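# Results of the structural survey
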Amino acid sequence: MEEGGARLGIDKLPDTIALDSVPIIEPRTLRGLGDTDYLPTHAGGILTTTVKQMGTWAQANSIWPALFGLACCAIEMMAMGASKWDQARFGAEVFRASPRQSDLMIVAGRLSTKMAPVLRQVYDQMPDPKWVISMGACASTGGVFNNYAIVQGVDQIVPVDVYVPGCPPTPDMLMYGFTMLQDKIRQGIPPASDLQLSARGV
């Protein structure tokens, strides 16, 4: 193991203990040793990690997105939850209708100036830590709607963690952006909202 690494590995048992002599006892039934002779031994496999790494692993694999579809990108976001792409593999199959139960906002589509205060209110109601994915060219830069009615980038309203390009992005592009967000969480990179607060000295 390298110094300061995650220390995820197998530790060897002392030579005095024979690996074949360590039986597996099923915890649910608590059957006797003679009843579990047919089960293989665990061969001394031990997993070590830190509480922080366990927490970031759990956080990255249990992200619950909020329902916030604004335009045609929302159709592609819905398709990501269908069986072909199956975002349930990443622990994010639960699209929540309440912002208080979600920690990811996927802004899917163009954001009008009339809708911007509602977006900010929903974002403020989400519990910390919370993340934002800007999905599509319209959400990220205003897209083809370069006029007074459309916000020219959702990052003017809420801090954005991951930008997904495209018009509209395909579900696998959104899935890639989602896995990029998972990598950020696993690496311990704080959400963009925390980075904004620390830049202000809060």
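This write-up is about the structure you can find in this document. The shown structure was predicted, so the numbers you read here are calculated from the model rather than taken from an experiment.

### A short note on the packing of helix H2 (residues 73-80) against helix H5 (residues 171-186)
Working note: a packed helix pair is described by the angle between its axes plus the distance between those axes. Remark: H2 packs on H5, axes separated minimally by 8 Å, with the N-to-C direction vectors making an angle of 70°. Here H2 lies roughly perpendicular to H5, going by the angle between them. Contact residues: H2 offers Glu 76, Met 77, Ala 79 and Met 80, while H5 offers Pro 171, Leu 174 and Met 175. In the contact of H2 with H5, the residues fall into six nonpolar, no polar and one charged.

### Observations regarding unusual backbone geometry
Here the residue pair Asp 128 and Pro 129 is connected by a cis peptide bond, since its omega of -5° sits within 30 degrees of zero. Cis geometry is adopted by the peptide bond preceding Pro 168, which originates at Cys 167 and carries an omega value of -15°. For Pro 168, the location among the structural elements is in the loop between strand E4 (162-164) and H5.

### A word on the packing of aromatic side chains
Applying the stated rule across the entire model yields one aromatic pair. When the centroid spacing of 6.2 Å and the interplanar angle of 70° are considered together, the rings of Phe 90 and Phe 178 count as edge-to-face. Taken as a pair, Phe 90 in the loop between H2 and strand E2 (104-108) and Phe 178 in helix H5 lie far apart in primary sequence, 88 residues in all. The exposure class of Phe 178 is buried, given its relative accessible area of 2%. One residue, Lys 130, lies across the ring of Tyr 123, its end atom 4.3 Å from the ring centre.

### Comments concerning the side chain of Ser 140
Secondary-structure assignment places Ser 140 in helix H4 (residues 137-141). A distance of 3.0 Å separates the side chain of Ser 140 from the side chain of Ser 134, its partner in a polar contact. For Ser 140, the residues in contact, after removing those within four places along its chain, are Ser 134, Gly 153, Val 154, Tyr 163 and Val 164.

Rules used in this analysis
- Residues numbered from 1 in each chain as written.
- Predicted model: local features only at pLDDT ≥ 70, side-chain atom pairs only at ≥ 80, totals over all residues.
- Heavy atoms only, no water.
- Axes fitted to C-alpha atoms, helices over the stretch in contact; angles between N-to-C directions.
- Helix = DSSP H or I, 4+ residues; strand = E, 2+ residues; numbered from the N terminus.
- Parallel < 35°, antiparallel > 145°, perpendicular 65-115°, else oblique.
- Contact = heavy atoms within 4.5 Å.
- Nonpolar A, V, L, I, M, F, W, Y, C, P; charged D, E, K, R; others polar.
- Phe/Tyr/Trp six-rings, centres within 6.5 Å; stacked < 30°, edge-to-face > 60°.
- Buried < 20%, exposed > 50% of the residue type's maximum accessible area, 1.4 Å probe, protein only.
- Lys NZ or Arg CZ within 6 Å of the ring centre and 35° of its normal.
- Polar contact = N/O pair within 3.5 Å; in protein donor to acceptor, adjacent residues only side chain to side chain.

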